[in-house]
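# Examination of the molecular architecture
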Amino acid sequence: MREAVKSLLGHPALTRGLVRVGGRGGPLVAVLCYHDLREDGDFANWLRLPVTEFDRQLAWLGRAARFIAPEDLDAPERLDRRRLNVLLTFDDGYLNNLKLALPLLEAHRAPALFFVSTRPMQDQQPFWPDLVLTPVQALRLERLDLTAFGFADYRFHPADDGRRWEDLERLLVDLKRVGNADHPRVAAALAHITDTHGAAAAEHLRRFRPLTADEVGAMSRSPWVRIGSHSHDHVLLTYLDDQALAMNLTESRRILGGITGSPPADLAYPNGSWDERVAAAARQAGYARAWASNPGLFAPGAPKMALPRLMVGGYDSLGVLGFVLNRHLALGLLPSRR
């Protein structure tokens, strides 16, 4: 019932109607944040959207909105006042961005901005959340006891739906709240998971590896691709000292500039984590824009070092996506609180 209501409230006709009203004050822009895709028969992941579902979402967006590139944000005259303008972004830099996402983007003529973490690109080591999620999902675990490391005894809902996603998210949030992957407690928990379930997860991790430098270069030559930075180490930047913070921002920009021929103008904060110190460092490193994960529509006058995006998770259906977009469009029509 809830899904049916969301599908109704996410109808593209409602999107177009809300834009006609809200667009009188200027173009409306939504920036969507994806991470990666999976084949339809592969096991689910809290951020890995099935490829057929992504295809459906692109088709829906093509009817309800207009795809834009990041450079259009700097030229308001390019934006459409009669339709919702949508910028697609992808975080991290997975192989499936090239293998699965790019062919669909080309087919739908939809530009996208891919934020790449350069150290995983160079050393081809898995992103640490995959060391947790891959065994849990591939083995259909319903329990993961991490009390020995100061965390909880986690239970995961057996059904592959939003309830399981919430359980998985709780686990990742607890780990990130303590620190990055090199924090002793987090490192010990990750080592325990790898020692216990790593052999079963290894074959799957190869399928979800980071892009290589050559693959990033190949993607950058597509007219539908723009490359941005997701830091060098793919760590929560707020936990770093000033020297490590500056290195993460400048090294990634230097490496990606060498691959694509132009240093990226856009940065996405890993995990969306930022503060004023991080924002100042991003500006100092030469980025024109930095993207967080605070939800909302893009506003031209918003601070450029903490721009909002709408997250699209691996369990988010087309109805949920339409509902989220229309909800934010409707909220924009409400009078501002004084």
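Up top you'll find the structure we're talking about.
Throughout this document, residue positions are counted from 1 along each chain, in the order its sequence is written. Given that this is a predicted model, residues contribute local features only at a pLDDT of at least 70 and side-chain atom pairs are listed and counted only at 80 or more, while totals for whole chains, interfaces and linings are drawn from all residues. Hydrogens are left out, water is left out, and the side-chain values use all remaining heavy atoms of the structure.

## Focus on the overall build of the protein
Note the following rule: Secondary structure follows DSSP: runs of H or I at least 4 residues long count as helices, runs of E at least 2 residues long count as strands, and numbering of each begins at the N terminus. C-alpha atoms define the radius of gyration, and 2.2 Å times the number of residues to the power 0.38 defines the globule rule. Working definition: with a 1.4 Å probe on protein chains only, accessible area under 20% of the residue-type maximum means buried, over 50% means exposed, and in between means partly exposed. Whether two residues are in contact is decided by their heavy atoms, any of which lying within 4.5 Å being enough. Note that accessible areas follow from Shrake-Rupley with a 1.4 Å probe, and for residues the cover is restricted to the protein chains shown.
Secondary structure assignment for the protein yields twelve helices and twelve strands. Computed over its C-alpha atoms, the radius of gyration of the protein comes to 20 Å, within 12% of the 20 Å expected for a compact globule of 338 residues. Structurally, the protein occupies a C-alpha span of about 55 × 50 × 45 Å along its principal axes. Residues classed as buried in the protein amount to 54% of the 338 residues present. Sequence separation of 24 or more characterises 68% of the internal contacts of the protein that already satisfy a separation of 6 or more. With the model as given, the accessible surface of the protein reaches about 15,000 Å², and the carbon-plus-sulfur share is 53%.

## Concerning the environment of Phe43
Within the fold, Phe43 resides in the loop between strand 2 (36–38) and strand 3 (48–50). Taking relative accessible area as the criterion, Phe43 reaches 14% and is therefore assigned buried. Every residue in contact with Phe43, bar those within four places of it in the chain, is listed here: Arg38, Thr134, Gln137, Ala138, His204, Arg207 and Phe208.

## A short note on helix 7 (residues 162–178)
To keep things clear, this is the line we draw: Between the first and last residue of a helix there are one fewer steps than residues, each counted as 1.5 Å, and that sum is the expected span.
If you check helix 7, its first and last C-alpha atoms are 25 Å apart, about what 17 residues at 1.5 Å a residue would give, namely 24 Å. Within the span of helix 7, buried status applies to Arg164, Trp165, Asp167, Leu168, Leu171, Leu172, Asp174, Leu175 and Lys176. On its buried face, helix 7 is in contact with helix 6 (128–138), strand 7 (143–145), strand 8 (153–155) and helix 8 (184–207).

Don't take any of this as a statement about function, it's just geometry.
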